[in-house]
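Analysis of the macromolecular model
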Amino acid sequence: AARPTPCQVFIADMKVSLTIAGGHIFYYPDILLSCDTDANDPYFRTRPCLVVEVLSDSTERIDRRKKFLAYKTLDSLHEYILVSQAEQVVTVFRRINNDWQPEVFRDNDSFGLNCLDCTVTLPEIYEDIQL
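Report on the accompanying structure. Given the structure is predicted, the values throughout are model-derived calculations rather than measurements.

1. What to know about the sheet that holds strand E2 (residues 15-20)
In space, the three strands of this open sheet follow the order E3-E2-E5, with mixed pairing throughout. The open sheet is flanked by strand E3 (23-27) and strand E5 (44-45), the only strands paired with a single partner. Two strands pair when backbone bridges link them, and E2 and E3 are joined in this way by five bridges, in the antiparallel orientation. Bridging across to E3, Thr-19 finds its partner in His-24. Packing of helix H1 (residues 60-71) onto the sheet brings it into contact with E2 and E3, and relative to E3 it is tilted by some 120°.

2. Notes on unusual backbone geometry
Even without being a glycine, Ala-21 presents a positive backbone phi close to 50°. A positive phi angle, close to 55°, is found at Asp-107, a residue other than glycine. Secondary-structure assignment places Asp-107 in the loop between strand E9 (99-106) and strand E10 (110-113). Of the residues examined, Asp-107 reaches a relative accessible area of 49% and is grouped as partly exposed.

3. A short note on H1
For H1, the complete set of buried residues consists of Asp-63, Lys-67, Phe-68, Ala-70 and Tyr-71. The buried residues of H1 occupy an angular sector of 150° when projected down its axis, which confines them to one face. In this structure, H1 carries Arg-61, Arg-65, Lys-66 and Leu-69 as exposed residues pointing more than 90 degrees from its buried face. Lining the buried residues of H1 we find E2, E3, strand E6 (48-55), strand E7 (79-84), strand E8 (89-96) and E9.

4. Observations regarding the pattern of salt bridges
Taken as a whole and judged by the stated rule, the model has six salt bridges. Of the charged contacts, one joins Asp-63 and Lys-67 as a salt bridge, the two residues approaching to 3.5 Å between their closest N and O atoms. Here Lys-67 and Asp-63 lie together in helix H1, a separation of four residues that amounts to about one turn. Two residues, Glu-87 and Arg-106, come together in a salt bridge whose shortest N-O distance is 3.9 Å.

5. Some thoughts on the sheet that holds E9
The strand order across the open sheet built from six strands is E1-E4-E6-E7-E8-E9, with neighbouring strands paired in mixed fashion. With one partner strand each, in any of the chains shown, strand E1 (8-11) and E9 form the two edges of the open sheet. Each strand axis lies, on average, 15° off the axis of its neighbour in the sheet, ignoring direction. Where E7 meets E8, five bridges bridge the pair, whose relative direction is antiparallel.

6. Concerning the side chain of Glu-53
Relative to the helices and strands, Glu-53 resides in strand E6. In this structure the side chain of Glu-53 is engaged in a polar contact, spanning 3.5 Å, whose partner is the backbone nitrogen of Asp-30. A polar side-chain atom of Glu-53 sits 3.2 Å from a polar atom in the side chain of Lys-67. Beyond its immediate sequence surroundings of up to four residues, Glu-53 is in contact with Tyr-28, Pro-29, Asp-30, Asp-63, Lys-67, Tyr-71, Tyr-80, Ile-81, Leu-82 and Val-83.

7. Looking at the pairing of E6
Residues in a regular strand project their side chains so that they alternate between the two faces of the sheet. Among the eight residues of E6, seven are classified as buried, and the element is accordingly described as predominantly covered. Sheet topology places strand E4 (residues 31-34) next to E6; four bridges connect them, and they run antiparallel. Pairing of Leu-33 across the sheet is with Leu-50, part of E6. Alignment of E6 against E7, held across six bridges, turns out to be parallel. Residue Val-51 lies in a different strand from E7, and its bridge partner there is Tyr-80. As a crossover connection, the stretch from E6 through H1 into E7 is right-handed.

Conventions used here
Residues numbered from 1 in each chain as written. Predicted model: local features only at pLDDT ≥ 70, side-chain atom pairs only at ≥ 80, totals over all residues. Heavy atoms only, no water. Pairing = 2+ DSSP bridges. Helix = DSSP H or I, 4+ residues; strand = E, 2+ residues; numbered from the N terminus. Contact = heavy atoms within 4.5 Å. Axes fitted to C-alpha atoms, helices over the stretch in contact; angles between N-to-C directions. Buried < 20%, exposed > 50% of the residue type's maximum accessible area, 1.4 Å probe, protein only. Arc of directions from axis to C-beta. Salt bridge = Lys/Arg side-chain N within 4 Å of Asp/Glu carboxyl O. Polar contact = N/O pair within 3.5 Å; in protein donor to acceptor, adjacent residues only side chain to side chain. Right-handed = clockwise from strand over helix to strand, strands pointing away.

The following block contains the structure:
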């Protein structure tokens, strides 16, 4: 869906740069979508539109709390998506009137991505994955 747009998709090899309480931190999300046409740094992005984290036992608490709190400070971020490895469940957090609202999707559900104006189904996300 990103191909006909100026957006770029990065999988685990592009950092998100954040400034929190005057300090600079970096996170490597599992998937990052940046539609910032002025971004040209080969190592990080500062204005992602979408961030996806795949949850594991060792990262779930950090992804749900610490990273989410940091990512919420980005004005450019529209959606933060958490994908379960244990079951076919995806949680999509969306910014609505400057508040983040979660939606949980299961099994054969589908949901829209505002950044790309497209719809994704859970069977597409979990294709070829054994749970």
